[in-house]
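Each chain, written out:
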Amino acid sequence: MPLEQLPLVALQARKAFQTGRSKPIDFRVQQLKNLQRFITEKQKDITDALKKDLHKSENGTLLYELLGLEGEINMAIANLSVWMAPRPVAKNLLTISDEVYIQPEPLGVVLIIGAWNYPITVTLQPLVGAIAAGNAVVVKPSEVSCHTAKVLELLPLYLDPEMYPVVTGGVPETQELLKQRFDHIFYTGNSMVGKLVMEAAARHLTPVTLELGGKNPCYIDKDCDLEIACRRITWGKYINCGQTCISPDYILCEPSIQDKVVEEIRKSIKEFYTDDPKTFIDYGRIINQRHFKRIIALFEGSTVAIGGENDESQCYIAPTVLRDVTPESKVMQEEIFGPVLPIVPIKGVNEAIQFINEREKPLALYVFSSSNKVIKQMISETSSGALLANDCLIHYTISDLPFGGVGNSGMGCYHGKSTFDQLSHLRSCLIKRLGMEQLNGMRYPPHTAEKLRLARLLLLKQVSLGRVRHLVQATTLIMLAAFVVLLFPPAN
Ligand code: NAD
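Keep in mind it's a predicted model, so treat the numbers as computed, not measured.

### Observations concerning the side chain of K42
Looking at where K42 falls in the secondary structure, it is placed in the loop between α2 (25–41) and α3 (43–54). Salt bridges are absent for the buried K42, whose nearest opposite-charge side chain, D45, sits at 4.8 Å. If we ignore the near neighbours within four places in the chain, the residues touching K42 are R37, L154 and Y158.

Encoded structure:
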């Protein structure tokens, strides 16, 4: 699509939104069902595309890209009426007879900018929540996973094409879109571009969700079952060839267990990917030669303990472990986002915590320990988007856990109801009747000490009404009115 047409695409989405047709629940549910139909009917195209983009196996794509998405769609359809409904809040005595609630409403037009590593999931999961929340959406898949982007171009055949246009293309297209006015921008990708997105959004005071990356530390305590710990870490690290935003980026452990950690990871690599990962169906490839070269350059100055074999013509890098890595080494200066796992020896949990706190707040932090004390210490003395003890990645599967970063790893969160809330405006509503004006006397000038005393009484008391709501409300109201009339008799 020519660049000069992109402002029109955003405008057309806004016009579609302004018709109001995305607001009724039936429309939203129908669009979500259509999205599910897209996934079902285009499953083969999707798995073929991901095979070409990232060498993902068919079952790997079904498991890691489509299963979670289907779960999110089902959840949204099943819960939408509850999510959309007014949410009553606790009142004070002054507003006890009023209707007070939060009404979620659509924001307007949302721009979703996807990344390439899980190109279906990171693009369509925000879309589920955006549709559920009643927004129009401009979808911009990553150009880097070009085969998947081609399949995503077919979305408008299933969804309302004016309400949910798809724009494919590269950086110029994204930059042109970022010049347009949106009501929310949902970006997944690296932190550097995240800053550009936020800068562009600031020009229109557009709120952003930034799902970014960074280095996820993985602390292994010496008192833990190293066989199980390393098996789970190996899975979390090498899935999708290490190109997972929440994969463990590096290991911190005491020197005394380093040899055993290396051996256990070696065993697990063999178990998962055979002796020859290069020919194994479930071992992926680096997305392109630019990233291949970037990752190979990270080996510089470090000792390879496992793997290291590579083949640029296929963008293949074997599952690799680097040992005795120093904090100053090249591999520790940026997010690896590839199948390379450095081990940085440290003296124990206190030094691990210090190491983590001296760096940017990670998207995920992993601790492996059989000591609850160590786990709780890690939770209370560090910060990260998520913390997992004795496992990796699996928090991603729980829709009720908000997924997102903190600090340099991002802002805002999504999954399940969180996506709906993130892409809604939670509007505060208060509906008062025009009667009972006596009750308001204490807020009008002159501000006497008596009125102040009454204001304290009425405002500092929170009232949460349950089943006996109306009875309590009526009684309180009558008592209150009588009390106020006593204090401030009407002038004749
Ligand atoms: P990418 O290169 O596909 O870029 C993402 C989008 O940004 C693309 O649509 C692209 O067009 C646009 N873009 C790139 N450069 C731009 C520029 N200069 N100006 C405007 N737009 C630009 O993806 P990536 O950044 O390589 O993705 C990998 C990163 O994403 C990693 O850091 C990873 O940790 C992170 N990530 C985070 C999550 C999460 O949920 N937090 C998920 C996946 C990936």
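### Here we look at helix α12 (residues 349–357)
Listing the buried residues of α12 in full gives V349, A352, I353, F355 and I356. Along the long axis of α12, the arc covered by the buried residues comes to 160 degrees, so they all point the same way. Considering only its buried residues, α12 is in contact with β8 (217–220), β9 (250–253), β14 (340–345), β15 (364–368) and α13 (372–381).

### Focus on unusual backbone geometry
Trans is the prevailing form of peptide bonds, just as negative phi is the prevailing case for residues other than glycine. Cis rather than trans, the peptide bond between P445 and P446 has omega equal to 0 degrees. For P446, the location among the structural elements is in the loop between β18 (424–431) and α15 (449–459). Positive phi, normally seen in glycine, also occurs at H55, with a value near 60 degrees. Here T274, not a glycine, exhibits a phi torsion of approximately 65 degrees, which is positive.

### Section: the sheet that holds β8
Strand order across the open sheet formed by seven strands is β10-β13-β14-β9-β8-β15-β16, with mixed pairing between neighbours. A strand with exactly one partner marks an edge of an open sheet, and here the two such strands are β10 (303–306) and β16 (386–389). The mean inter-strand angle of the sheet, taken between neighbouring strand axes irrespective of direction, is 25 degrees. Bridge count for β10 against strand β13 (residues 320–323) is three bridges, and the pairing is antiparallel. Its bridge partner lying in β13, I306 is registered against V321. This element, α12, spans β8, β9, β14 and β15 of the sheet and lies at about 145 degrees to β9.

### A word on the sheet that holds β18
Two strands in a sheet stick together by hydrogen bonds in their backbones, pointing the same way (parallel) or opposite ways (antiparallel). Reading across the sheet, the three strands line up as β1-β3-β18 and stay open at both edges, with antiparallel pairing between neighbours. Every other strand in the sheet has two partners, leaving β1 (87–88) and β18 as the edge strands with one partner each. In the sheet, β1 pairs with strand β3 (residues 99–106) via two bridges, with the strands oriented antiparallel. By the bridge assignment for β3, P88 is matched with Y101.

### So, the domain arrangement of the protein chain
Domain boundaries in the protein chain define domain 1 (3–212 + 417–425), domain 2 (217–404) and domain 3 (435–487). Centre-to-centre, using C-alpha coordinates, domain 1 lies 45 Å away from domain 3.

### Some thoughts on the packing of helix α4 (residues 58–84) against helix α5 (residues 121–132)
What describes two packed helices is the angle between their axes and the distance between those same axes. One can describe the packing of α4 onto α5 by two numbers: an axis separation of 10 Å at closest approach and a directional angle of 5 degrees. The angle between α4 and α5 places the two elements in the roughly parallel class. Judged by residue contacts, Y64, E65, G68, L69, E72, I73, A76 and L80 of α4 engage T121, L124, Q125, V128 and A132 from α5. Per-class residue counts for the contact of α4 with α5 are eight nonpolar, three polar and two charged.

### Side note on the pairing of β9
On β9, burial covers both faces: Y250 and L252 on one face and I251 and C253 on the other are all buried. Relative to β9, β8 runs parallel, the two being bridged by three bridges. Within β9, the residue paired with C218 across the bridge is I251. In this region the chain leaves β8, passes through helix α9 (residues 226–238) and returns to the parallel neighbour β9; the handedness of that crossover is right-handed. Relative to β14, β9 runs parallel, the two sharing three bridges. Looking across to β14, one finds that I251 is bridged to I343.

### Thoughts on the pairing of β8
A two-sided burial pattern is seen for β8, the buried positions comprising P217 and Y219 on one face and C218 and I220 on the other. Across three bridges, the pairing between β8 and β15 is parallel. Each residue of the ladder has a partner; that of Y219, found in β15, is V367.

### Regarding the pattern of salt bridges
According to the stated counting rule, one finds 29 salt bridges in the structure shown. In this structure, D259 and R323 form a salt bridge, with 2.9 Å as the shortest nitrogen-oxygen distance. Here R323 lies in strand β13 and D259 lies in helix α10 (residues 255–273), a separation of 64 residues in the sequence. In this structure D259 comes out as partly exposed when scored by relative accessible area, which is 46%. For R323, a relative accessible area of 21% translates into the label partly exposed. The shortest N-O distance in the salt bridge between D275 and K270 comes to 3.8 Å. One network of salt bridges, in which partners are shared, links R21, D160 and E162.

### Things to note about the site of the ligand
Residues in close proximity to the ligand total 28 residues, the closest being S142, T174, N190, L212 and E335. Within the side chain of E143, a nitrogen or oxygen atom sits 2.7 Å from an oxygen atom of the ligand. One of the side-chain N or O atoms of E335 is found 2.6 Å from an oxygen atom in the ligand. Coverage of the ligand by the protein amounts to 92% of the 860 Å² it exposes when considered alone. If you list the elements that add at least two residues to the shell around the ligand, you get α7 (171–179), β6 (184–188) and α8 (191–202).

What counts, and at which threshold
- Residues numbered from 1 in each chain as written.
- Predicted model: local features only at pLDDT ≥ 70, side-chain atom pairs only at ≥ 80, totals over all residues.
- Heavy atoms only, no water.
- Helix = DSSP H or I, 4+ residues; strand = E, 2+ residues; numbered from the N terminus.
- Buried < 20%, exposed > 50% of the residue type's maximum accessible area, 1.4 Å probe, protein only.
- Lys, Arg positive; Asp, Glu negative; His and termini not counted.
- Salt bridge = Lys/Arg side-chain N within 4 Å of Asp/Glu carboxyl O.
- Contact = heavy atoms within 4.5 Å.
- Arc of directions from axis to C-beta.
- Pairing = 2+ DSSP bridges.
- Axes fitted to C-alpha atoms, helices over the stretch in contact; angles between N-to-C directions.
- Domains from an automatic or database assignment.
- Parallel < 35°, antiparallel > 145°, perpendicular 65-115°, else oblique.
- Nonpolar A, V, L, I, M, F, W, Y, C, P; charged D, E, K, R; others polar.
- Right-handed = clockwise from strand over helix to strand, strands pointing away.
- Near = heavy atom within 4 Å.
- Polar contact = N/O pair within 3.5 Å; in protein donor to acceptor, adjacent residues only side chain to side chain.
- Areas by Shrake-Rupley, 256 points an atom, 1.4 Å probe, with all protein chains shown as cover.

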